[in-house]
Amino acid sequence: MLQPAFPFRQILDELPIGGLLLTPTNRLRNRCLQVFGAFQPASTKNWAPPAVESLQGWLDKLWFELQQKQWPPAMRRVLNREQCQLLWQACIDSTLDKGLINTQQLAGHCDGALAQLFQWCRIEQLENAEEVLKPHWENTGLQSGDYPLFELLPAFQQKLAQQNAITQDQRDLLILQAFEEGQLARLPQLSLAGFVQSSPLNDKLFAAAAEKIMPFGIPEAAANSLKVSRCHNLEEELQQAARWAATKLAQNPDASIGIVVNNLGQCRAQVEQIFARVLEPQWFSPTQPAYTLPFNFSAGTPLAKTPVGSASLDLLEALVDSFDYSTLRNLLFSPFWGDEGAPEQHLRSALMRRLQKLELREIPGYVLRSWAEKLAEELAPESPLPGQLNQLGDWARRWQRAPAEVWAQRFSDLLLKLGWPGARNPNSQEYQQLVLWEQALESFANLSEFTGALPLRKALQLLRQIASRSPFQAETRDGPLQILGVLEAGGLAFEHIRLVGFGQQQWPAPPSPNPMLPILWQKEWKMPRASAERELELAQQLTQDLLNSSSDVVVSYACEEDGVGQSLSALFGSPAPADWLDSDPLQAFYETLEKATALEKISDEALPPLSADECAQVRGGAGVLKAQALCPLNAQLRYRLGADSFMQPGLGLSPAERGNLIHEMLAAFFENCKTSRQLVEMTPEQRKLQINISIDAAIGRLKRKHPELPQAFWSLEKSRLGDIFEQWLPLELARPQFEAAQIESQTTVNLEGLTLTLRLDRLDNLTSADQEEQLIIDYKTGQTSVSDWLQARVREPQLPLYALFLPNVKGIAYGAVKNGDCKYLGTGELTHSIKGVKAVGDSQKNPEVEFGNWDQLTQHWAQALATLASEYKTGYAALRFDRPADNENQKNLWPLNRWPERQS
């Protein structure tokens, strides 16, 4: 059993009747009680608990005793952290010109600074703080106006008086006063164990509370063995620590082992992952039911980051009625909301995919509800999801400002009516998180007096703050392995202890004085984190206690920190190197797999052929043939199995949306100006008017999709489109006579049994003396290349496919509509030439196949496109790329086509 490092039983034996053993932490106090109970004889049925208290628990009991006596100074409320924070923020709002101030952070600094002034006995009353501190201002030559704390103190004092409240530090001062006035009986002896340093106020309290003070330190360990492990980084340090602990446990499963991690709170998740990987590798198996890991952590996880806390907050955030994709994905697939049955999960998956296709930066609530209703009718008519989303929307509209206690009741009712936390029974950890969540809601409700009526966003922000400050510590059985922070390890003894993260840049910790107090004061009064000298003194004491806590000590450090090389902290001297550990169960398993007999690989380049229904309506149109040309397997994955990728939403418009604007602008213009004669006969003013009308029509459609963009943005976009149109117009005016016969028209074709739906940007009739000619135009705003039409596997089949099914077409062309580089790029046999549209023979540069005329080229297209269609129809799915760049451009499909694994 884990023992206190100080002589606990001896202290209790020597403690007089009425005396008290005091520890700095509740963890150490509980350990003392456990050890005491373990040493009671089995025949003893009942025994009185020993006189052991933690410092905070002792002060709480003393304050309760004073209130029970109805001592007048004690008849006030003691504010907790959240309540003090709100009072400080209210003072900042009413006193300071906030500007760019982070009020939450400033309030925290002010609260910490005031606590230091009380704990270091620099002030006793807020009323005379200015007078008491005046000599210190004069001695240093500083001005109180340079520090916001002192401008805020009068307002803070006033708000405390209005609430008949005090801070915890003021409570401690009143307890001291009660001892001095005889309101609290003095103890015969106060034994202090496990304390490294204490504040002057605590020292005064101890002296006033007892006739005799007996401090007990940690005795030096006999035959102490210290070794050092030099690692590359923190991850390697933790791996070595976990393997070391596994080795010690294998030698003696009952040995007490301590892992002390410097700054454990900042890397707790990484520590848990690595220790679980080494000690509990089955914990990562998806088929393994969740369970509590068999080692104890001193640092908890914020409730807001636990599964239950995070899911609850996400569900409440739905009241904002606007979602980003990440939040919505977590919400829809949360195990704590909704039925886990296949129809419900299918509906939610389909809803998420449909919303992703919209590529919105934020999804408005009405869009989410509309699509949920449409898809539910088709996929899951019995699903409660549309009704729940409509209820959320109704609450979002009706619930306005309210006190915190009303919001807490609303939040609780919302979660209950939405079926939270799901239909399944919670496991042990989830149940504990649910209990802590209820406590967080209760703490939030208790803020009503300090907040007044809150809007929704502020209420959610405060609740999230409380959840972020509420540590969740899973209740675990008392195992042999303890993972602790530096302060939590104080006062405990281990058979083996390993110290992680003790490089020279991390230990001693760098100073971090409070910005709300003059640094000169903090250094002079030796306040926490004030100077390098004080941090060195503290680190020396903690280091000595850690080294004395076991006879077997290993300390490790990372040889590089933030890109700078470092060595072991000088406080540990020059110990001998520790053994290097190379293996753990999971690593050994990987090595076994690598050494195993290689599996036989069988090439499988075919999927089942398309069914008749799949052939009757092929999704993707000409894009299917393009994908088949670039990589057959990726084509099957994308268009048959639905492995779509979605553009990451960002600020403004996406490249695709900007391209669509140009398409719609040109389509709107040529719908009203179909012939070259109309274009030539228009006056400049008429053209300008028609251009503006076309641009407004194009922008109007997109505006509805992006209501968040301001009018100034659309004005700039209109100016950009106008500039591009002015560059494109001369190309149209320079062309021979034409008529825009089809604009944004849709047609259906059948190729090798595949029914493809095609959409044509523009089809022009060209005037010719002896025959009717047509030119297909496809607008492009990105990179284009005519050579893609001339390959053995046609890489851009869209326009060639149109040409095959429109018999009068004699040319195809890209309309490259790009700012500063507008032009036609095409090939064909036209009676009247168009700049950029070359004859077939002139279009070829190092061709794979040579074509002498238009007929030969169309025959090649007919054969090549038929081959691609036949491949797709029969399920040909080889992982072969027409060009290496095609692989790089389709990295999003690597998890499915497993390209990286195939190369190893």
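Residues numbered from 1 in each chain as written. Predicted model: local features only at pLDDT ≥ 70, side-chain atom pairs only at ≥ 80, totals over all residues. Heavy atoms only, no water.

Undergrad: Explain the overall build of the chain to me, please; I cannot follow it from the model alone.
TA: Scanning the chain from N- to C-terminus turns up 36 helices and 27 strands. Projecting the C-alpha coordinates of the chain onto the three principal axes gives extents of approximately 120 × 70 × 60 Å. When burial is assessed residue by residue, the chain has 47% of its 904 residues classed as buried. Counting only contacts in the chain whose residues sit at least 6 apart along the sequence, the fraction spanning at least 24 positions is 74%. As displayed, the chain has an accessible area near 44300 Å², and 50% of this comes from carbon and sulfur atoms. (Helix = DSSP H or I, 4+ residues; strand = E, 2+ residues; numbered from the N terminus. Buried < 20%, exposed > 50% of the residue type's maximum accessible area, 1.4 Å probe, protein only. Contact = heavy atoms within 4.5 Å. Areas by Shrake-Rupley, 256 points an atom, 1.4 Å probe, with all protein chains shown as cover.)

Undergrad: Explain unusual backbone geometry here, please?
TA: As a rule of thumb, non-glycine residues mostly have phi less than zero, and peptide bonds are mostly trans rather than cis. Note that the residue after W420, namely P421, is joined by a cis bond; omega there is 10 degrees. Cis geometry marks the peptide bond from W507 to P508, where omega comes out at 0 degrees. Along the polypeptide, P508 turns up in the loop between β17 (496–500) and α22 (519–524). Phi at R898 is positive, roughly 55 degrees, even though this residue is not glycine. Here R898 lies in the loop between α35 (894–897) and α36 (899–903).

Undergrad: Would you explain the sheet that holds strand β21 (residues 576–577) in this entry?
TA: Note: strands within a sheet are paired through backbone hydrogen bonds, in either parallel or antiparallel orientation. Sheet architecture is open: 7 strands sit in the order β10-β15-β9-β17-β18-β8-β21, paired in parallel fashion. Looking at the sheet topology across the chains shown, the edges are occupied by β10 (296–297) and β21. Contacting β9 (257–261), β10 and β15 (481–484), helix α11 (residues 268–279) runs over the sheet at an angle of about 160 degrees to β15. (Pairing = 2+ DSSP bridges. Axes fitted to C-alpha atoms, helices over the stretch in contact; angles between N-to-C directions.)

Undergrad: Explain the nonpolar core here, please?
TA: One broad trend across soluble globular proteins is that nonpolar side chains are buried collectively. Membership of the largest hydrophobic core comes to 127 residues, with the highest contact counts inside it found for W58, L149, F150, F411, L414 and F444. In this structure L414 touches L315, L316, L319, L392, W395 and W399, once residues within four positions along its chain are discounted. (Core = buried A, V, L, I, M, F, W, Y, C linked by side-chain atoms within 4.5 Å.)

Undergrad: Teacher, can you tell me more about the pattern of salt bridges here?
TA: If the charged atoms of two oppositely charged side chains come close together, the side chains can form a pair. Counted under the stated rule, the structure contains 40 salt bridges. Across the pair E535 and R529 runs a salt bridge whose closest N-O atoms are separated by 3.6 Å. Residue class for E535 comes out buried when judged on its relative accessible area of 5%. Ionic contacts of the salt-bridge type, sharing partners, join the residues D788, R795, D882, R883 and D886 into one network. (Salt bridge = Lys/Arg side-chain N within 4 Å of Asp/Glu carboxyl O.)

Undergrad: In this structure, what is going on with a nonpolar patch on the surface? I would like to understand it.
TA: A cluster of nonpolar side chains, contributed by F589, Y590 and L593, occupies part of the molecular surface with about 310 Å² of accessible area. Its place among the elements puts Y590 in helix α24 (residues 585–595). (Patch = residues over 30% accessible without salt bridge, like charges linked within 9 Å, V, L, I, M, F, W, Y side chains within 5 Å.)

Undergrad: Sorry if this is basic, but what is going on with the pairing of strand β25 (residues 809–816) here?
TA: For a regular strand, side chains alternate in direction, first toward one face of the sheet and then toward the other. Judged by how many residues are buried, β25 sits mostly within the fold: 7 of 8 residues are covered. Here strand β24 (residues 773–780) runs beside β25; their pairing, made up of 7 bridges, is parallel. Within β25, the residue paired with K780 across the bridge is A816. Regarding topology, helix α32 (residues 798–805) serves as the crossover connection from β24 to the parallel β25, and that connection is right-handed. (Right-handed = clockwise from strand over helix to strand, strands pointing away.)

Undergrad: Would you mind showing me how to read the sheet that holds β25 here?
TA: The strand order β22-β23-β24-β25-β26-β27 describes an open sheet built from 6 strands, whose pairing is mixed. The outermost strands of the open sheet, each flanked by one partner alone, are β22 (738–751) and β27 (837–839). In this sheet, adjacent strand axes meet at a mean angle of 30 degrees when their direction is disregarded. With 3 bridges joining them, strand β26 (residues 823–828) and β27 adopt parallel strand pairing. The residue bridging G826 from the neighbouring strand is V837, located in β27.

Undergrad: Looking at this structure, how should I read helix α27 (residues 632–640)?
TA: Given 3.6 residues per turn, any residue in an α-helix points the same way as the ones three and four places further on. With respect to burial, α27 is a largely interior element, 7 of its 9 residues being buried. Of all the positions in α27, only P632, L633, N634, A635, Q636, L637 and Y639 are classed as buried. Within two residues after α27, G642 carries a phi angle of roughly 75 degrees, on the positive side.

Undergrad: What is the right way to look at the side chain of S549 in this model?
TA: Take S549: it is sitting in the loop between α23 (532–548) and β18 (552–558). Side-chain polar atoms of S549 contact the backbone oxygen of L546, separated by 2.6 Å. Discounting chain neighbours no more than four positions away, the residues touching S549 are L492, A493, F494 and I497. (Polar contact = N/O pair within 3.5 Å; in protein donor to acceptor, adjacent residues only side chain to side chain.)

Undergrad: What should I look at first to understand the packing of aromatic side chains in this one?
TA: Per the stated rule, a full pass over the model turns up 27 aromatic pairs. Both rings, one in F195 and one in F206, keep their centres 5.9 Å apart while their planes meet at 70 degrees; by these two values the pair is edge-to-face. A residue pair is termed long-range when its members are at least 10 positions apart, and F195 in the loop between β6 (190–193) and α9 (200–209) and F206 in helix α9 qualify at 11 residues. You can call F195 partly exposed: its relative accessible area is 22%. For F206, a relative accessible area of 3% translates into the label buried. (Phe/Tyr/Trp six-rings, centres within 6.5 Å; stacked < 30°, edge-to-face > 60°.)

Undergrad: Is there a simple way to think about the packing of helix α5 (residues 103–119) against helix α8 (residues 168–180) in this case?
TA: When two helices pack together, their arrangement is given by the angle between the helix axes and the distance between those axes. Following both chains from N to C, one finds α5 and α8 inclined at 15 degrees, their axes separated by 9 Å at the closest point. In terms of axis orientation, α5 runs roughly parallel to α8. By crossing handedness, the relation of α5 to α8 is classed as left-handed. Here α5 contributes A115, F118 and Q119 to the contact with α8, which in turn contributes D169, Q170, D172 and L173. Residue classes in the contact of α5 with α8 are distributed as 3 nonpolar, 2 polar and 2 charged. (Parallel < 35°, antiparallel > 145°, perpendicular 65-115°, else oblique. Left-handed = near helix turned anticlockwise from the far one by under 90°. Nonpolar A, V, L, I, M, F, W, Y, C, P; charged D, E, K, R; others polar.)

Undergrad: Got a minute to help me understand the environment of Q566 in this structure?
TA: Locating Q566 in the fold gives a position in the loop between β20 (564–565) and β21. For the pair Q566 and D413, spaced 153 residues apart in the sequence, the C-alpha separation amounts to 55 Å. Aside from chain neighbours lying at most four places away, what touches Q566 is G503, Q504, Q505, Q506, Y557, A558, C559, E560 and E561. There is a polar contact of 3.0 Å between the side chain of Q566 and the backbone nitrogen of Q505.

Undergrad: I tried to follow the packing of helix α28 (residues 655–672) against helix α30 (residues 684–703) on my own but got confused; where do I start?
TA: Close contact between α28 and α30 brings their axes to 8 Å; oriented N to C, the two are set at 135 degrees. By the angle between their directions, the pair α28 and α30 is classed as oblique. As for the relative orientation of α28 and α30, their crossing is right-handed in sense. Note on element contacts: α30 touches α28 through R687, Q690, I691, S694, I695, A698, I699, R701 and L702, opposite E657, L661, E664, M665, A668, F669 and N672.

Undergrad: Would you mind going over the state of the cysteines with me for this structure?
TA: All told, the structure shown has 0 disulfides when counted by the stated rule. Free of any disulfide, C673 has its nearest neighbouring cysteine sulfur in C822, separated by 17 Å. (Disulfide = S-S within 2.5 Å.)

Undergrad: I would appreciate a short explanation of the environment of S94 in the present structure.
TA: Considering the arrangement of structural elements, one finds S94 in helix α4 (residues 81–95). Linking S94 and A155, residues 61 residues apart in sequence, is a C-alpha distance of 8.6 Å.

Undergrad: Please explain the environment of P736 as it appears in this structure.
TA: Along the chain, the position of P736 falls in the loop between α31 (711–733) and β22. Classification of P736 by relative accessible area gives partly exposed; the value is 27%.

Undergrad: Explain the side chain of S256 to me, please; I cannot follow it from the model alone.
TA: Topologically, S256 is positioned in the loop between α10 (234–251) and β9. At 3.0 Å, the side chain of S256 and the backbone nitrogen of E495 are in polar contact. Excluding anything up to four places from it in sequence, S256 contacts L2, P480, A493, F494, E495 and H496.

Undergrad: Looking at this model, I keep getting lost on helix α3 (residues 55–68). Mind explaining?
TA: Between its first and last C-alpha atoms α3 spans 20 Å; for 14 residues at 1.5 Å apiece the expected length is 20 Å, and the two agree. Residues of α3 that are buried include every one of L55, W58, L59, L62, W63 and L66, and no others. Angular distribution of buried residues about the axis of α3 spans 135 degrees; they occupy a single face of the element. Across α3 from its buried face, at more than 90 degrees, point the exposed residues F64 and Q68. (Expected span 1.5 Å × (residues − 1). Arc of directions from axis to C-beta.)

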